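Structural description and commentary
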Amino acid sequence: MIIERAEVVVTSPSRNFVTLRLVTDDGIVGLGDATLNGRELAVVAYLRDHVVPLLRGRDAHRIEDTWQFLYRGGYWRRGPVTMAAIAAVDMALWDIKARAAGMPLYQLLGGASREGLLAYGHASGSDLSELFDSVRAHLEQGFRAIRVQTGVPGLNAIYGIASQAAAAGGGEERYDHEPARRGALPMQEDWDTRAYLRHLPGVFEAVRNEFGPELPLLHDGHHRMTPLQAAKLGKELEPYDLFWLEDCTPAENQEALRLVRRHTTTPLAIGEVFNTVWDFKDLIREQLIDYVRGAVTHMGGITPLKKTMEYAALYQIRSGFHGPTDISPVGMAAQMHLGLAIHNFGIQEYMKHSARTDEVFRQSFRWRDGLLHPGDEPGLGVELDLDEAGRYPYEQAYLPFNRLADGTVHDW
Ligand code: EZ4
Ligand code: CO
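Summary of the structure given here. (Residues numbered from 1 in each chain as written. Chains lettered and ligands numbered in written order. Predicted model: local features only at pLDDT ≥ 70, side-chain atom pairs only at ≥ 80, totals over all residues. Heavy atoms only, no water.)

**Examining the overall build of the protein**
Here is the rule: Helix and strand labels come from DSSP, where a helix needs a run of H or I of at least four residues and a strand needs a run of E of at least two; each type is numbered from the N terminus. Radius of gyration: C-alpha atoms only; globule rule: 2.2 Å multiplied by the number of residues to the exponent 0.38. For each residue, the accessible area found with a 1.4 Å probe, counting protein chains only, is set against the maximum for its type, and the residue is called buried under 20%, exposed over 50%, and partly exposed in between.
Tallying secondary structure elements over the protein gives 14 helices and 20 strands in all. Taking 22 Å as the expected radius of gyration for a compact globule of 412 residues, we find that the protein reaches 21 Å, a close match to that expectation. Judged by the C-alpha coordinates and their principal axes, the protein covers about 60 × 45 × 40 Å. Across the 412 residues in the protein, those meeting the buried criterion constitute 56%.

What follows is the structure in structure tokens.
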């Protein structure tokens, strides 16, 4: 089975998505997600100029060999652009192989290890009453695990708060906030870690008092604390029994997590910006994390993320794959199949895509009783409607950035 055609499809139904579409000589179509939020066109160029010409004529069945060829053969390894491009090829080849086999992909990965995937949604509010309403709305939608983000007194615009972004989002109805805003320049947000640290433990105390001890609660620190600040927060959140504290420090300096670990038993999740198993290697071996936040789309595909999870399993570390709306329906499907198959699945982040996105990408996944399931269509279970995709051309969009009160740029 030979790859006959390869094309890169850019579409922007509510937000930008980059999809690789491979067609074999016997007419099987495979899809791969290559979306890199805010830097999409760099991956488009990498694929179109440097990868597509290498794919035509290759045996579509040779997934491992093609992955190694693109990773080692490029000489310049790793990095988000390269690995998103390789991820798209890997996903599309798995899609093709599973379609050729007439099976949903999870069957080729070893079959289902569970009925469905526990998924968490994003509750947020600028104050407690808005936050409680948001938590209740998520419970009504069936969520059995909830991420809690809240406004901080004195700060106007911060990461993760739905109402602000909805206001900036131009009126289109969205399930959740969309941090990447369309426009020629990125938006500026504010940050003050001491104000955040004073405020957050009280928020979790209030949420526990309102919703009880059982509900799994998560929180994203979004790379903004120093190691000592993260250690202090982890310790202060212990009474509220978090499922995890995510990205407590920026992960370029991985030694920071040793310090955090010495002070707190709050579980840690990290790695949504990681690209390879090498980024996770020391954190896994030293048991400095509890959850692998890698996404199939940004970790080079299903093949390397499955290997990473097998390594993590030696240390009882589980998956928590990154699942914001900037992972396309193709990338989400790929990680649902992987999550269903591996033994050490932990939780799946789930933000609903917009209705417009769902018209462009027709999907077969199910969402029932708080659990996701990728469905039983052959392959990934996603069809890309090229006519619909063509109606939404690329639009420039940037993620926001942070400044402190004195004007210093801070991690966003
Ligand atoms: O900010 O996906 O846990 N989720 C997150 C996301 C990221 C965006 C960046 O593209 O941190 O909301
Ligand atoms: Co995050």
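**Examining the sheet that holds strand β3 (residues 29-33)**
Backbone-to-backbone hydrogen bonds pair the strands of a sheet. The strands run either parallel or antiparallel. How we decide: Criterion used throughout: strands pair if DSSP finds at least two bridges between them. Between N-to-C directions, angles cover 0 to 180 degrees, with each direction set by a line fitted to C-alpha atoms, over the stretch in contact for helices. Whether two residues are in contact is decided by their heavy atoms: any pair within 4.5 Å suffices.
Taken in spatial order, the three strands make up an open sheet running β1-β2-β3, and their pairing is antiparallel. Two strands bound the open sheet, and with one partner strand each, they are β1 (3-11) and β3. Ignoring which end each strand starts from, the neighbouring axes of this sheet average 20° apart. Here eight bridges tie β1 to strand β2 (residues 17-24), and the two strands are oriented antiparallel to one another. Its bridge partner lying in β2, isoleucine 3 is registered against threonine 24. Lying on the sheet, helix α1 (residues 40-55) is in contact with β1 and β2; it crosses β1 at an angle near 170°. Sitting on the sheet, helix α3 (residues 80-101) is in contact with β1, β2 and β3, with an inclination near 150° to β3.

**Digging into the coordination of the cobalt ion (ligand 2)**
Heads up, the condition is: Each metal's donors are the N, O and S atoms within 2.8 Å of it, or within 3.2 Å when it is Na, K or Ca, and because water is not part of the set, sites may look incomplete. Only two sets of limits are used to name each site, 85 to 135 degrees for every angle of a tetrahedral four-donor site, and over 155 degrees for opposite donors with all other angles from 65 to 115 for a square planar four-donor or octahedral six-donor site, with any other site named irregular.
Around the cobalt ion (ligand 2), the protein contributes the donor atoms Asp220 (OD), Glu246 (OE) and Glu272 (OE), which lie 1.9 to 2.1 Å from the metal centre. Between the six donor atoms coordinating the cobalt ion (ligand 2), the angles at the centre fall across 24 to 180°, so the site counts as irregular. Along the chain, the residues donating to the cobalt ion (ligand 2) fall in the pattern D-x25-E-x25-E. Separated by 52 residues along the polypeptide, aspartate 220 in strand β8 (residues 217-220) and glutamate 272 in the loop between β10 (268-270) and α10 (277-285) bring together distant segments of the chain. Overall, aspartate 220 belongs to the buried group, its relative accessible area being 0%. Owing to a relative accessible area of 10%, glutamate 272 belongs among the buried residues under this scheme.

**A word on the packing of helix α2 (residues 63-73) against α3**
For the record, the criterion: When describing relative orientation, an angle under 35 degrees is termed roughly parallel and one over 145 degrees roughly antiparallel, while 65 to 115 degrees is termed roughly perpendicular and anything else oblique. Polar here means any residue other than Ala, Val, Leu, Ile, Met, Phe, Trp, Tyr, Cys and Pro, which are nonpolar, and Asp, Glu, Lys and Arg, which are charged; Gly is therefore polar.
In the contact formed by α2 and α3, the axes pass within 10 Å of each other and the chain directions differ by 170°. On the basis of the axis angle, α2 is roughly antiparallel to α3. Residues Ile63, Thr66, Trp67, Leu70 and Tyr71 of α2 form the contact with α3, whose participating residues are Met83, Ile86, Val89, Asp90, Leu93, Trp94 and Lys97. Considered class by class, the residues forming the contact of α2 with α3 number nine nonpolar, one polar and two charged.

**Focus: the site of ligand 1**
So the rule is basically this: The criterion for a residue being near a molecule or strand is simple. One of its heavy atoms has to lie within 4 Å of it. Counting of polar contacts relies on pairs of N or O atoms within 3.5 Å, with two restrictions inside protein: one atom must be capable of donating a hydrogen and the other of accepting it, and residues adjacent in sequence are counted only when both atoms are side-chain atoms. Only protein atoms enter the 1 Å grid used here, on which a cavity is any set of points holding a 1.4 Å probe that cannot leave and a pocket is any open set flanked by protein within 12 Å on both sides along at least five of seven lines; residues with an atom within 4 Å of a point are listed as lining. Any molecule with more than half of its atoms within 2 Å of a cavity's or pocket's grid points is regarded as sitting in that cavity or pocket.
Around ligand 1 sit 14 residues in total, of which Asn37, Tyr159, His222, Glu272 and Asp326 are the nearest. For ligand 1, an oxygen atom lies 3.4 Å from a polar atom in the side chain of arginine 147. Taking glutamate 349, its side chain carries an N or O atom lying 3.3 Å from an oxygen atom of ligand 1. One can see that ligand 1 is located within the largest pocket.

**Overview of the pairing of β3**
Within β3, four of the five residues are buried, leaving the element largely enclosed by the surrounding structure. In this structure, β2 lies alongside β3, joined through five bridges in antiparallel fashion. Residue pairing in the sheet places leucine 22 in a bridge with glycine 30 of β3. Linkage of β2 to β3, two consecutive antiparallel strands, is achieved through a turn of four residues, within which glycine 27 is found at a positive phi near 85°.

**Focus on the environment of arginine 181**
Here arginine 181 is to be found in strand β6 (residues 181-182). As a C-alpha pair, arginine 181 and arginine 144 span 37 residues in sequence and 29 Å in three-dimensional space. A distance of 3.2 Å separates a polar atom in the side chain of arginine 181 from a polar atom in the side chain of glutamate 189.

**Looking at the environment of arginine 403**
Relative to the helices and strands, arginine 403 is located in strand β19 (residues 401-403). The spatial distance from the C-alpha of arginine 403 to the C-alpha of histidine 353 is 29 Å, given a sequence separation of 50 residues. Contact partners of arginine 403, with chain neighbours within four places excluded, come to Gln188, Glu189, Asp190, Trp191, Thr408, Val409 and His410. In terms of polar contacts, arginine 403 uses its side chain to reach the backbone carbonyl oxygen of glycine 407, at 2.8 Å.

**Side note on the pattern of salt bridges**
One side chain can pair with another of opposite charge once the charged atoms of both are near each other. Using the following cut-off: Whenever Lys or Arg places a side-chain nitrogen within 4 Å of a carboxyl oxygen from Asp or Glu, that contact is recorded as a salt bridge.
Here the structure, examined in full by the defined rule, presents 24 salt bridges. A salt bridge links arginine 293 to glutamate 349, with the shortest nitrogen-to-oxygen separation between them at 3.0 Å. Here arginine 293 is found in the loop between β11 (291-292) and α11 (302-313), whereas its partner glutamate 349 is found in strand β13 (residues 348-349), with 56 residues between them in sequence. No difference in accessibility class separates arginine 293 from glutamate 349, as the two residues are buried. For aspartate 385, the salt bridge is made with arginine 362, and the minimal N-O distance between the two is 3.2 Å. Note that aspartate 385 is positioned in the loop between β17 (382-384) and α14 (386-390) and arginine 362 in strand β14 (residues 361-363), a separation of 23 residues in sequence. Looking at arginine 362, the relative accessible area reads 45%, which means it is partly exposed. Through salt bridges with shared partners, a single network forms among Glu246, Glu272, Arg293 and Glu349.

**Section: the side chain of threonine 66**
By the secondary structure assignment, threonine 66 is in helix α2. Judged by its relative accessible area of 1%, threonine 66 is buried. Engagement of the side chain of threonine 66 in a polar contact is seen with the backbone oxygen of arginine 62, the distance being 2.7 Å. Beyond its immediate chain neighbours, meaning those up to four positions away, threonine 66 contacts Leu55, Arg58, Val89 and Leu93.

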